[in-house]
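# Structural description and commentary
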Amino acid sequence: MSVGKSFVALMAICYLAILLVGCTGDQGPAGPVGSTGVEGPPGQNLTISPVADCTFGILIANSTASDFVGAARVSLTSNTSAIPSSDQVVARRLDTAPTIDGIDGGDTEWGSAAVSTIALDSLAGKYNGIASALVRAAYDRQYVYMQVKWTEVAIDSFAPSMNVYKGMWSYDSTGRSAKWSRRSGGEDMLCLGWQLTTVTGWSTDGIKAIFDGSVFRTPVSGELADLWVWQSTETYYSGFLGDKVVRYADAGDASQFDAGTLPAFVLENPATSSKPTYMRSGSPADGTSYPLNSYEFTKFDTKMKWKNHATIPGYISFIPSGSTADVRSTATYDNGTWTVELRRLRQTGNGDDTIL
């Protein structure tokens, strides 16, 4: 390329650059506002409300529901300056939920949710020797968690035992005539009672306002209480406890499972002609043990040749549904000590559950 042509090309580039810079004009007027977009999802409240101060009652039975020890009125608070005591449990907020497995994970799982040693007194029948229960409580945004531990004591007719075979059928073929019989005795039990409405006498008597030593009922028409019932046979195998509502009645028991319980929480295997009504499908001749789940039972086979001492569970366990399935529970028994762990939504949305 000649010098002349190179000069012309350079001048053309410079002219184009000046032209581009000079073409930058003023900003035009703003256009019309666009239409409103789709509303986004609601934001999340990052503040976790503490558990409101309230009171609850504890009942514990060893082998029979006729003999209870308990603490009629225990305070539950989430006040971080409160001190756990013999009648007060301090609920602490947890960032990581404890594993509800019936195994005490201690501070690793429960953090600063300190243990309260709750003093127990005889509340019904004979004194079963259980003088105290260890209780923890904790919460997060969704759930409240509780752990209750107690150690059974050998006293009078009471003995430490994992009573998880209530109503077990047993076959005896050694006598003149073979026969089935059911195991006598009861089961271990834990009850936690809460006010659902204001209950007359609760402020002074706690759970004794709804429990007369044998049955549950509120003292005045329209009053309601929330009752959580864990049983070492009837609910132990299901992973839930019995969530009940207690109503007013002139006499007799007025507690029943919360609404929407389909199928039944547990079905007793009743005696028919002194024989079981149900058995495990495909049971061997020496029988089976607990649990007998709802998906594996069938009608009792009267023609089957049973071995001596064959066993059949006395209760069929169902997974509950509806409001009575609100409280998950798992328990373990170790050297005389029961550890029962619970989890429930703080607000279930059901009118038969207290708000925590």
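Time to look at the overall build of the protein chain. Counting its secondary structure elements, the protein chain contains three helices and 21 strands. Taken against the 2.2 N^0.38 rule, which gives 21 Å for 356 residues, the C-alpha radius of gyration of the protein chain at 33 Å runs more than 25% over that of a compact globule. Considering the protein chain as a whole, with its 356 residues, one finds that 43% of them fall into the buried category. Partitioning the contacts of the protein chain with sequence separation of at least 6, the portion at a separation of at least 24 is 64%.

Moving on: the sheet that holds strand β14 (residues 266-268). Within a sheet, adjacent strands bond to each other through the backbone by hydrogen bonds, running parallel or antiparallel. Across the sheet, three strands lie side by side as β14-β19-β16; this open sheet has mixed pairing. Looking at the sheet topology across the chains shown, the edges are occupied by β14 and β16 (292-293). As paired strands, β14 and strand β19 (residues 315-317) are joined by three bridges and run antiparallel to one another. Looking across to β19, one finds that glutamate 268 is bridged to tyrosine 315.

As for its position among the elements, proline 263 is in the loop between β13 (255-257) and β14. Residue class for proline 263 comes out partly exposed when judged on its relative accessible area of 37%. Along the backbone, proline 263 and leucine 190 are 73 residues apart, and their C-alpha atoms lie at a distance of 23 Å. Those residues in contact with proline 263, other than ones at most four positions away along the chain, are Phe318, Ile319 and Ser321.

All told, the structure shown has 18 aromatic pairs when counted by the stated rule. Taking 4.9 Å as the distance between ring centres and 25° as the angle between the ring planes, the aromatic pair formed by phenylalanine 56 and tryptophan 194 counts as stacked. On the criterion of sequence distance, the pair formed by phenylalanine 56 in strand β1 (residues 54-61) and tryptophan 194 in strand β10 (residues 189-195) is long-range, its members being 138 residues apart. For the pair phenylalanine 56 and tryptophan 194, a shared accessibility class is recorded, and that class is buried. With a centroid separation of 5.1 Å and 85° between ring planes, the pair formed by tyrosine 278 and phenylalanine 297 is classed as edge-to-face. In this pair, tyrosine 278 sits in strand β15 (residues 278-280) while phenylalanine 297 sits in strand β17 (residues 297-299), placing the two residues 19 residues apart along the sequence. Its relative accessible area of 27% is what places phenylalanine 297 among the partly exposed residues. Positioned above the aromatic ring of phenylalanine 240, the side-chain terminus of arginine 328 is 4.4 Å from the ring centre.

A few words on the sheet that holds strand β9 (residues 179-182). Pairing is antiparallel in the open sheet, where three strands are placed in the order β9-β8-β18. Each having just a single partner strand, β9 and β18 (311-312) make up the two edges of the open sheet. Across four bridges, strand β8 (residues 169-172) lies against β9 in antiparallel orientation. Note on β9: the bridge partner recorded for aspartate 172 is lysine 179.

Side-chain alternation along β8 places Trp169 and Tyr171 on a buried face and Ser170 and Asp172 on a face that remains uncovered. The pairing of β8 with β18 spans two bridges and is antiparallel. Bridging from a neighbouring strand, serine 170 pairs with threonine 311 of β18. Linking β8 back to β9 in an antiparallel pair, the connection comprises six residues.

Note: strand β2 (residues 68-77) against strand β3 (residues 88-93), three bridges, orientation parallel. Residue pairing for β3: leucine 76 is matched across the bridge by valine 89. Looking at chain direction, β3 and strand β6 (residues 132-139) are connected through three bridges and run parallel. If you follow arginine 93 over to β6, its bridge partner there is tyrosine 139.

Here the focus is the pattern of salt bridges. Overall, the coordinates contain nine salt bridges when judged by the stated rule. With its nearest N and O atoms 2.9 Å apart, the salt bridge here joins aspartate 95 to arginine 93. Taking the relative accessible area as the measure of exposure, arginine 93 reaches 42% and is therefore partly exposed. Between glutamate 234 and lysine 166 there is a salt bridge; the shortest N-O distance is 2.8 Å. Of the two residues, glutamate 234 is situated in the loop between β11 (225-231) and β12 (242-246) and lysine 166 in the loop between β7 (143-151) and β8; the sequence distance between them amounts to 68 residues.

Turning our eyes to something else, we now look at the side chain of threonine 288. Looking at where threonine 288 falls in the secondary structure, it is placed in the loop between β15 and β16. At 2.7 Å, the side chain of threonine 288 and the side chain of arginine 280 are in polar contact. Beyond its immediate stretch of four places on either side in the chain, threonine 288 contacts Met168, Arg280, Ser283, Thr311, Ile312 and Pro313.

All right, on to the environment of proline 270 then. Tracing the backbone shows proline 270 in the loop between β14 and β15. Overall, the relative accessible area of 35% leaves proline 270 in the partly exposed class. Sequence separation between proline 270 and methionine 304 is 34 residues; the distance between their C-alpha atoms is 19 Å. Once you skip the residues sitting within four places of it in the chain, proline 270 turns out to touch Trp169, Arg182, Lys275, Pro276, Thr277 and Tyr278.

What counts, and at which threshold
- Residues numbered from 1 in each chain as written.
- Predicted model: local features only at pLDDT ≥ 70, side-chain atom pairs only at ≥ 80, totals over all residues.
- Heavy atoms only, no water.
- Helix = DSSP H or I, 4+ residues; strand = E, 2+ residues; numbered from the N terminus.
- Rg over C-alpha atoms; globule rule 2.2 N^0.38 Å.
- Buried < 20%, exposed > 50% of the residue type's maximum accessible area, 1.4 Å probe, protein only.
- Contact = heavy atoms within 4.5 Å.
- Pairing = 2+ DSSP bridges.
- Phe/Tyr/Trp six-rings, centres within 6.5 Å; stacked < 30°, edge-to-face > 60°.
- Lys NZ or Arg CZ within 6 Å of the ring centre and 35° of its normal.
- Salt bridge = Lys/Arg side-chain N within 4 Å of Asp/Glu carboxyl O.
- Polar contact = N/O pair within 3.5 Å; in protein donor to acceptor, adjacent residues only side chain to side chain.

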